[in-house]
Amino acid sequence: MKVLNLEKTNMLGTHIVHTQNNRIGVSPYNMLLFEVLTMVLSCLNWKKYEGPIKLYTDQPFYDYIKDLGLLWLWDEIDLETLKTLPENVNYSTFWAYPKLYINSLQECEFANLDIDLYIDGPIKKGNYDLLLSNIEICDNNTVYPPYHTIKEYSDKLNFKDFKDYASNVALCVVKNKSFYKEYLKVVNDFVIGNDLPTIDGCYSSSLITFIEQRLLYSMAEYDNIKVEYQIDGTYDSHIEDWLGDYETNGLTHLWGWKYIYRREERYDDRINLTSELKDEIFMNFPNEWNKIHHIFGRVSL
């Protein structure tokens, strides 16, 4: 196991929650307790190991966390920036676009974390431009269809040199802000006004992962951007599993598992996961426990 630099960066962490889409798991009306507890750990651990954390969100989600008494988790909450999002974006398809948009507006080095991800140790330190979750092999099939080879999609792309790899960006640390702004320009050309559907038989998320993860990897490779990954190991989307051994280096990401744990037949697994998350908060954050345990009876299991 690699020894990580324990020095605290004081780097800003961000959460971005945009509820105006049809995605499961971020609506204030359907988060389950294990998802809320993961979000709690995302906030608490970032502040413990790295620095302050800021939430960009809209009124429905703000009202939800206010009702749960959880506003204190974030050092700052921004309700204005999401109001400036472009209107002519299909947010049901490009549901993660608000994250890319807000990332591009940051003026200092920052780390964006999905709310279903938390660290239980420091992030990797180093002279990198980007630090991302992990590298993935593209299957050129259902997970990562080759949209760049299909004319109606490629006509909207102002970048052509695609690779068969992608970067999972559930953790996205950006030091090279100028590169990220150039990346967003290509994203905007593809996303704004684009009502093309995902390819039949492919994952409903395949268009956003193509633009969010495969495009980012390919542009970084093309521009010789120095990219490192928090997780040591390669995820292969052909088999939807890791290739051999891997080391998470303190990163926990619910990822697609949250949809599996939502299934009724996985109820026992969901309860066990919820108990583990409760225990983690109780053991590692005893001073915050009394601010959290009141939600247990209010959020569905």
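Relevant structure appears above.
Residues numbered from 1 in each chain as written. Predicted model: local features only at pLDDT ≥ 70, side-chain atom pairs only at ≥ 80, totals over all residues. Heavy atoms only, no water.

## Structural notes on the packing of aromatic side chains
Then, in step 1: Tallied over the entire structure, the rule returns 16 aromatic pairs.
Then, in step 2: Between Tyr 147 and Phe 210 the ring centres are 5.6 Å apart and the planes differ by 65 degrees, which places this aromatic pair in the edge-to-face class. Linking Tyr 147 in the loop between strand S6 (130-137) and helix H4 (151-154) with Phe 210 in helix H6 (residues 206-222), this pair joins segments that are 63 residues apart in sequence.
Then, in step 3: On the basis of relative accessibility, which here comes to 0%, the residue Tyr 147 falls in the buried class.
Then, in step 4: Cluster of aromatic residues (ring-pair linked, three or more members): Phe 94, Tyr 147, Tyr 153, Phe 159, Phe 162, Phe 190, Phe 210 and Tyr 222.
Then, in step 5: Stacked on the ring of Phe 285, the Lys or Arg Lys 48 has its end atom at 5.5 Å from the ring centre.
Then, in step 6: Lying across the ring of Tyr 128, Lys 175 places its NZ or CZ 4.2 Å from the centre. (Phe/Tyr/Trp six-rings, centres within 6.5 Å; stacked < 30°, edge-to-face > 60°. Helix = DSSP H or I, 4+ residues; strand = E, 2+ residues; numbered from the N terminus. Buried < 20%, exposed > 50% of the residue type's maximum accessible area, 1.4 Å probe, protein only. Lys NZ or Arg CZ within 6 Å of the ring centre and 35° of its normal.)

## Let's talk about the pairing of S6
Then, in step 1: Burial within S6 is extensive, with eight of its eight residues counted as buried.
Then, in step 2: Pairing between S6 and strand S7 (residues 165-174): seven bridges, direction antiparallel. Its bridge partner being in S7, Leu 132 is matched across the sheet by Cys 172.
Then, in step 3: Two elements, S6 and strand S8 (residues 227-229), share three bridges in a ladder whose sense is parallel. By the bridge assignment for S8, Leu 130 is matched with Val 227.
Then, in step 4: Relative to strand S9 (residues 234-236), S6 runs parallel, the two being bridged by three bridges. What sits directly across from Ile 135, in S9, is Thr 234. (Pairing = 2+ DSSP bridges.)

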